[in-house]
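Okay, here's what each chain looks like letter by letter:
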Amino acid sequence: MTEPVRLRPRRPCPICNKASQQKYHPFCSARCAQVDLNRWLGGNYAIPAQDDEPGEDDSGSA
Ligand SMILES: [Zn+2]
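Residues numbered from 1 in each chain as written. Predicted model: local features only at pLDDT ≥ 70, side-chain atom pairs only at ≥ 80, totals over all residues. Heavy atoms only, no water.

The chain goes by DNA gyrase inhibitor YacG in an unreviewed UniProt entry, where it is assigned to Aestuariivirga litoralis. Recorded in UniProt for the chain, the comment headed Subunit (unreviewed entry) runs: "Interacts with GyrB." Listed in UniProt under the heading Sequence similarities (unreviewed entry), the comment for the chain reads: "Belongs to the DNA gyrase inhibitor YacG family." (UniProt positions renumbered as here; feature names shortened; annotations may be inferred.)

This is how it looks when you write it as structure tokens:
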């Protein structure tokens, strides 16, 4: 039997593994993009994690 493999056109966010947004590709949000940028720039300081906004869809469950 062949398992139904879902081919996702977008790769998950390399920072938090959430679904990436095209707007912030390849990241899921501007914050993750900033985190990655800071890593490249030095990464000596970390951006405080913020709670996800409750109105945001994180899973594509229909
Ligand atoms: Zn992310």
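Okay, back to it.
Caption draft 1: Broad picture of the UniProt feature "binding site: Zn(2+)" (unreviewed entry) in the chain. Following the UniProt record, the feature "binding site: Zn(2+)" (unreviewed entry) maps to Cys 13, Cys 16, Cys 28 and Cys 32 here. In three dimensions, the annotated residues from a span of 20 residues occupy one location, with a maximal C-alpha spread of 8.1 Å. Along the chain, Cys 16 turns up in the segment before helix H1 (30-41). Apart from residues no more than four positions distant in its own chain, Cys 16 is found in contact with Cys 28 and Cys 32. Assignment of secondary structure puts Cys 28 in the segment before H1. On the basis of relative accessible area, Cys 28 is assigned to the buried category, the value being 9%. Setting aside chain neighbours within four positions, we find Cys 28 in contact with Cys 13, Cys 16, Lys 18, Ala 19, Ser 20 and Gln 21. (Helix = DSSP H or I, 4+ residues; strand = E, 2+ residues; numbered from the N terminus. Contact = heavy atoms within 4.5 Å. Buried < 20%, exposed > 50% of the residue type's maximum accessible area, 1.4 Å probe, protein only.)

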